[in-house]
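# Summary of structural features
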Amino acid sequence: MQQKKIILLASDCESSRWVYHALEEMISIEAVILEQPVSKIQLAKNRIKKTGFIPVIGQVLFSVFTVPLLKLQSKTRKAYLVSKYGLNNSDFSSTKIHSVNSVNEEACLKAIHLLQPDIIVVNGTRIISKKILQSTSAVFVNMHVGITPYYRGSHGGYWALRNRDAANFGTTIHLVDAGVDTGAVLKQVFIKPHKEDNFATYPVLQVAVGIGALKEVLTNMIAGNYATIQHPEKGNMYYQPTMWQYLTGGVR
């Protein structure tokens, strides 16, 4: 029987809705704190600081011209995966939503203090600040579409394939710390993408198998029976590919 209070801290996106409905099938989600997405302009500014102007231009070109074509090309494959894994994209329960502009603002802090959760499941948010992480005794659990520590950041499945490292195509369930996908690992699952998959469906496949792993982890955490693995190495940080990286990478 569930004895721990669990909330979801997430962005309002497709994968968050998939996670929410899948978890609701087995446990009670007390509340959902939803943050607003980072504006595209602010996102571009942040990326320029990290990677430079030219790479960001390449990422924008890839997003504008290539990604829509890949999504169109894989529309049937995505529908198959959604059906196969029972991914539910319907809205969150409106009575459970607490809306905030950012997970790092005071309103989020107040919501967490009000709810007093034991476990906070994180999905699709911006990097959570130390202030928020240290404001509660709750455990923060994140699902990352990549195998840490080797593939931190974005599009871990794609980069594993591009690096000819298909054995590390998968999903990591980990504790959240102040770093980027550096928290102690709770569980990792690996899967081989189908030849019909491409950049647009890799994350769908990773989230689908990751949900099963997340359910297992939460079941163990509720029972007070779980272990973690802390990798000493930092691994590599990856971002969305540029247009030229994608075209020369040899991966769909």
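An account of the accompanying structure is given in this report. Bear in mind the structure is a predicted one, so any value in this text is a computation, not a measurement. (Residues numbered from 1 in each chain as written. Predicted model: local features only at pLDDT ≥ 70, side-chain atom pairs only at ≥ 80, totals over all residues. Heavy atoms only, no water.)

We now examine the pattern of salt bridges. On inspection of all chains with the given rule, the structure shows eight salt bridges. For R17, the salt bridge is made with D12, and the minimal N-O distance between the two is 2.6 Å. Taking relative accessible area as the criterion, R17 reaches 15% and is therefore assigned buried. For D12, a relative accessible area of 47% corresponds to the partly exposed category. Between E14 and K78 there is a salt bridge, with its nearest N and O atoms 2.9 Å apart. Pair noted here: E14 is in helix 1 (residues 14-24) and K78 is in helix 4 (residues 75-85), with a separation of 64 residues, a long-range link. Among the residues examined, E14 registers a relative accessible area of 29% and is labelled partly exposed. (Salt bridge = Lys/Arg side-chain N within 4 Å of Asp/Glu carboxyl O. Buried < 20%, exposed > 50% of the residue type's maximum accessible area, 1.4 Å probe, protein only. Helix = DSSP H or I, 4+ residues; strand = E, 2+ residues; numbered from the N terminus.)

This part takes up the packing of aromatic side chains. All chains considered together, the criterion is met by ten aromatic pairs. Ring geometry for Y20 and F92: centres 5.2 Å apart, planes at 65 degrees, overall edge-to-face. Here Y20, found in helix 1, pairs with F92, found in the loop between helix 4 and strand 3 (97-100); they are 72 residues apart in sequence, far enough to count as distant. Relative accessible area serves as the criterion here: at 3%, Y20 is assigned to the buried category. Three or more aromatic residues joined by ring pairs form one cluster here, namely F62, Y151, Y158, W159, F199, Y238 and Y246. (Phe/Tyr/Trp six-rings, centres within 6.5 Å; stacked < 30°, edge-to-face > 60°.)

With 21 residues, helix 3 (residues 53-73) extends 30 Å from end C-alpha to end C-alpha; this agrees with the ideal 30 Å at 1.5 Å per step. The sharpest bend along helix 3 measures roughly 40 degrees and falls at T66, with the proline P68 sitting one to four residues further on. Among the residues making up helix 3, those that are buried are V56, G58, Q59, F62, T66, V67 and L70. Turning to helix 3, the residues buried within the fold contact helix 2 (40-51) and helix 9 (243-248). (Expected span 1.5 Å × (residues − 1). Bend = angle between axes of the 7 residues up to and from the residue. Contact = heavy atoms within 4.5 Å.)

Note that A138 resides in the loop between helix 6 (130-133) and strand 5 (139-144). The class of A138 is buried, set by a relative accessible area of 9%. Sequence-wise, A138 and T125 are 13 residues apart; in three dimensions their C-alpha atoms are separated by 17 Å. Contacts of A138, omitting those with residues within four sequence positions, involve P117, D118, I119 and I120.

Here we take up the packing of helix 4 against helix 8 (residues 202-222). Orientation of helix 4 relative to helix 8, taken along the N-to-C sense of each, is 5 degrees, at an axis distance of 10 Å. In terms of axis orientation, helix 4 runs roughly parallel to helix 8. Here K78, L81 and Y85 of helix 4 come into contact with helix 8, specifically with V204, L205, A208 and V209. The class makeup of the residues in the contact of helix 4 with helix 8 is six nonpolar, no polar and one charged. (Axes fitted to C-alpha atoms, helices over the stretch in contact; angles between N-to-C directions. Parallel < 35°, antiparallel > 145°, perpendicular 65-115°, else oblique. Nonpolar A, V, L, I, M, F, W, Y, C, P; charged D, E, K, R; others polar.)

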